[in-house]
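Examination of the molecular architecture
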Amino acid sequence: MNHRYEQLAHKLSACGQEHLLQFYDTLSAPDRSRLLEQIERLDLPAIAGLAQQAHAGASDAGTITPIESCEAEALEERERERLTQRGLELLGAGKVAAFVVAGGQGSRLGHEGPKGTYDIGLPSGKTLFQLQAERLLRLSQSVGKTIPWYIMTSGDNHDETVRFFAVNGNFGYEPDQLFFFRQHSMPSLDEAGRIMLSAPGEIGLAASGNGDAFASLKQSGGLADMRRRGIEWVFYYNVDNALIRIAEPLFVGAAAHFGNPIATKVAQKAYPEEKVGILCLRDGRPAVVEYTEVPQSLQYETDDSGRLKYGLGNLSIHLFRLDFIEAHADAGLAYHAAHKKIRTVDERGNAIVPEQPNGYKFERFIFDLFPLAERMTVWSIRREEEFAPVKNKEGTDSPATARRLLLDQHRAWLLRAGADPQLLAERDIEIPPLVSGDGEGLTPETVKSLLE
Ligand SMILES: CC(=O)N[C@H]1[C@@H](OP(=O)(O)OP(=O)(O)OC[C@H]2O[C@@H](n3ccc(=O)[nH]c3=O)[C@H](O)[C@@H]2O)O[C@H](CO)[C@@H](O)[C@@H]1O
């Protein structure tokens, strides 16, 4: 056995992970060297504490209290215009970047490829990525400056994502305004805290959650790229929101006006069990309690007027100030453990496809950065205008619900622009983002041509 092997074997046995080499003798030379490489990249000290944490359940409980929000709808017209203007100026000066987290797997949706390549069944057949690209291009055209777009992928879907953009001509985006980068990954642990093998010569690695987004951005050189371009604000969003208003100027202007390190959009939860995190204060600092970890008492609690006391849903639409990201990219956030069915191998190296959860996956959540900001701008919006998550194959938060929301929005825009309601009564008209990104610019002529 070589020196490299000896060294790693020693390290592993010091932390109870020596089983990772149990099939080493049976492996081919390339498999051996790949496995050793995987082991070298493990952060063993960090992993050591995780097993205990998984058994202890949800991390940091703290004292939860409601947080105040600003109602975007309640703004006076003059104020709205002033803030919008400020946002447009920042966008036009190239100080805002778009940042999509697209490393997730879309397993609930049952879609094999990257989630952004999903077609939600609109008349145009546009995928989520194409809708986003066109909205960004429209906004770029209107401010006279292309908004740089950072796209976080995972080891599993990186190549496919980049290829998808390439074969589609980047949807018209200039290549030097696109920045693809891979997120980090994490091994899974079995019930005894042992790192799980996915095959005799391979450690199973899974995407480590969107909370590693800025650390991965930094490691890829993306953060330095932002600084070089003079970016001041980073607009963060989920790949699966079909109604996302990327870098909406009013929101950008409001974030800049208040000047807090983070601004976030929230909307009232549709029902108490809705699968969205809850924005609140934890020990007096901004925080999100994720829907998978929220105590029942909090979920159903109402105030004097009968409204949910913790009803501000996290839409995963945030603006981060670049200096805040730079200061905290490597914050080393705590991991959240999820008990899952994880494919692995038995003592003899045979594949196991478990029917019950048999181990833990670990993810960091981006909103765990919130408590590091003393104050946040909490911007409350109307959900039907900008939140249509595509999570499940059918039922709630599905392609069908997202499609309905988008087409209803476009109908409302057309009616507002003077379209004849009778012509719209039995038809769905989809407005290409390059014609109108946000309901703006619909002249009688464009309305007429859309209805033809
Ligand atoms: C942890 C988190 O963000 N939770 C939020 C997420 O929940 P939700 O459970 O929907 O989170 P998902 O697992 O879908 O991930 C959200 C986004 O992060 C991306 N992703 C996820 C894991 C990963 O390792 N890498 C990666 O890039 C996904 O591609 C997706 O774009 O969106 C909801 C709104 O729709 C919010 O109310 C939840 O509070």
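Residues numbered from 1 in each chain as written. Predicted model: local features only at pLDDT ≥ 70, side-chain atom pairs only at ≥ 80, totals over all residues. Heavy atoms only, no water.

What counts, and what does not: UniProt positions are given in the numbering used here, feature names are shortened, and annotations may be inferred rather than shown by experiment.
If you look the protein chain up in an unreviewed UniProt entry, it shows as UDPGP type 1 family protein from Paenibacillus hodogayensis. Within the UniProt record for the protein chain, the comment given under Sequence similarities (unreviewed entry) is "Belongs to the UDPGP type 1 family."

**Points about the site of the ligand**
Heads up, the rule is: For this description, a residue counts as near a given molecule or strand if any of its non-hydrogen atoms is within 4 Å of it. Polar contact is the term for a pair of N or O atoms within 3.5 Å; when the atoms are in protein, one must be able to donate a hydrogen and the other to accept it, and sequence-neighboring residues count only if both atoms are side-chain atoms. Per-residue and other accessible areas were derived by the Shrake-Rupley procedure at a 1.4 Å probe size, with only the shown protein chains allowed to occlude residues. Amino acids outside the nonpolar list (Ala, Val, Leu, Ile, Met, Phe, Trp, Tyr, Cys, Pro) and the charged list (Asp, Glu, Lys, Arg) are all regarded as polar, and Gly is one of them.
As a structural note, the neighbourhood of the ligand is formed by 24 residues, with Gln183, Glu290, Tyr291, Asn314 and Lys391 the closest of them. The side chain of Gln183 places a nitrogen or oxygen atom 2.5 Å from a nitrogen atom of the ligand. One of the side-chain nitrogen or oxygen atoms of Lys391 is found 2.4 Å away from an oxygen atom of the ligand. Considered on its own, the ligand offers 740 Å² of accessible surface; in the complex 91% of this is hidden by protein. Grouping the constituent residues of the shell around the ligand by class yields 10 nonpolar, 10 polar and four charged.

**A look at the sheet that holds strand S16 (residues 336-340)**
What counts, and what does not: DSSP-based pairing: two strands are paired if at least 2 bridges between them are found. Secondary structure elements are defined from DSSP: runs of H or I of at least 4 residues count as helices, runs of E of at least 2 residues count as strands, and each element is numbered from the N terminus.
Strands sit in the order S7-S19-S16 across an open sheet of three strands; the sheet is antiparallel. Where the open sheet ends on each side, the last strands, each with one partner, are strand S7 (189-190) and S16. Two strands pair when backbone bridges link them, and S16 and strand S19 (residues 359-363) are joined in this way by five bridges, in the antiparallel orientation. Each bridged residue has a counterpart across the sheet, and for Ala338 the counterpart in S19 is Lys361.

**A look at the packing of helix H5 (residues 77-92) against helix H10 (residues 249-258)**
This is how it is decided: Throughout, an axis means a line fitted to C-alpha atoms (over the contacting stretch in the case of helices), and angles, computed between N-to-C directions, take values from 0 to 180 degrees. We call two directions roughly parallel when the angle between them is under 35 degrees, roughly antiparallel when it is over 145, roughly perpendicular when it lies between 65 and 115, and oblique otherwise. What makes two residues a contact is simply this: any of their non-hydrogen atoms within 4.5 Å.
Relative to each other, H5 and H10 sit at 90 degrees, their axes nearing to 7 Å. One finds that H5 runs roughly perpendicular with respect to H10. The residues of H10 that touch H5, namely those facing Glu79, Arg80, Arg82, Leu83, Thr84, Arg86, Gly87, Leu88, Leu90 and Leu91, are Pro249, Leu250, Val252, Gly253, Ala254, Ala256 and His257. Residue composition of the contact of H5 with H10, by class: nine nonpolar, four polar and four charged.

**A word on the environment of Gln130**
Examined against the element boundaries, Gln130 turns out to sit in helix H6 (residues 128-143). When the C-alpha atoms of Gln130 and Gly155 are compared, they prove to be 22 Å apart, with 25 residues separating the residues in sequence. A distance of 2.9 Å separates the side chain of Gln130 from the side chain of Glu134, its partner in a polar contact.

**What to know about helix H8 (residues 213-220)**
This is how it is decided: For every residue, the accessible area obtained with a 1.4 Å probe (protein chains only) is divided by the maximum for its type, and the residue is called buried under 20%, exposed over 50%, and partly exposed between those limits.
Buried within H8 we find Ala213, Phe214, Ala215, Ser216 and Leu217. Phi turns positive, to about 95 degrees, at Gly221, one or two residues after H8.

**Here we look at the nonpolar core**
Note the cut-off: To qualify as a nonpolar core, a set must consist of buried Ala, Val, Leu, Ile, Met, Phe, Trp, Tyr and Cys residues joined through side-chain atoms within 4.5 Å.
Grouped together as the largest cluster of nonpolar side chains are 44 residues, with contacts concentrated most on Trp149, Phe235, Ile246, Ala247, Leu319 and Trp379. Excluding its chain neighbours within four sequence positions, the residues that come into contact with Ala247 are Leu91, Val96, Leu139, Phe235 and Val252. Among the nonpolar cores identified, the runner-up in size contains 35 residues, and Val101, Val266, Leu369 and Val378 belong to it.

**Observations concerning the pattern of salt bridges**
Convention followed: In the sections that follow, a salt bridge refers to a side-chain nitrogen of Lys or Arg positioned within 4 Å of a carboxyl oxygen of Asp or Glu.
In this structure the tally under the stated criterion is 31 salt bridges. For Glu301, the salt bridge goes to Lys309, with nearest N and O atoms at 3.1 Å. By relative accessible area, Glu301 is classed as partly exposed at 29%. The class for Lys309 is partly exposed, based on a relative accessible area of 33%. With a shortest N-O distance of 2.8 Å, Asp428 and Arg411 are connected by a salt bridge. Placement of Asp428 in the loop between helix H15 (421-424) and helix H16 (444-451) and of Arg411 in helix H14 (residues 399-416) is noted, with a sequence separation of 17 residues between them. One connected set of salt bridges, linked through shared partners, spans Arg245, Glu248, Lys265, Glu386 and Asp438.

**Examining the packing of aromatic side chains**
Any pair of aromatic rings gets described here by the distance separating the centres and the angle formed by the planes. Worth spelling out the cut-off: When the centres of two rings from Phe, Tyr and Trp lie within 6.5 Å, Trp using its six-membered ring, the rings pair. Their planes under 30 degrees apart give stacked, over 60 give edge-to-face, and anything left gives tilted.
Taken as a whole and assessed by the stated rule, the structure comprises 21 aromatic pairs. A ring pair is formed by Phe165 and Phe180, whose centres lie 5.1 Å apart and whose planes are at 75 degrees; its orientation type is edge-to-face. Placement of the pair is Phe165 in helix H7 (residues 158-167) and Phe180 in strand S5 (residues 178-182), with a sequence separation of 15 residues. Residue Phe165 is classed as buried on the basis of its relative accessible area of 0%. Judged by relative accessible area, Phe180 falls into the partly exposed class, the value being 22%.

**Some remarks on the side chain of Asn157**
Take Asn157: it is sitting in the loop between strand S4 (149-153) and H7. At a separation of 3.0 Å, a polar atom in the side chain of Asn157 contacts the main-chain carbonyl oxygen of Ala102. Of note is the side chain of Asn157, whose polar atom sits 2.9 Å from the backbone nitrogen of Ser154. Sequence-distant contacts of Asn157, that is, excluding residues within four places in its chain, are made with Ala102, Gly103, Gly104 and Pro114.

**Regarding the state of the cysteines**
As a reminder, the rule being used: Counting rule for disulfides: a pair of cysteine sulfur atoms within 2.5 Å.
By the definition in use, this model includes zero disulfides. Left without a disulfide partner, Cys280 is nearest to the cysteine sulfur of Cys70, which lies 18 Å away.

**Considerations on the confidence of the model for the protein chain**
Threshold: A residue's pLDDT is the predictor's confidence in that residue, given on a scale from 0 to 100.
Looking at the protein chain as a whole, its pLDDT mean stands at 95, while 98% of the residues score no less than 70. Confidence estimates for the predicted assembly give a pTM of 0.96 and an ipTM of 0.99.

**Thoughts on the pairing of strand S3 (residues 96-101)**
Taking burial as the measure, the six residues of S3 include six buried ones, the bulk of the element. Residues Val96, Ala98 and Val100 line one face of S3 and the alternating positions Ala97, Phe99 and Val101 line the opposite face, and both faces are buried. Examined bridge by bridge, S3 and strand S11 (residues 233-238) share six bridges and lie parallel to one another. When the bridges of S11 are listed, Ala98 appears paired with Phe235. Alignment of S3 against S4, held across four bridges, turns out to be parallel. Among the inter-strand pairings, Val101 is bridged to a residue of S4, identified as Met152.

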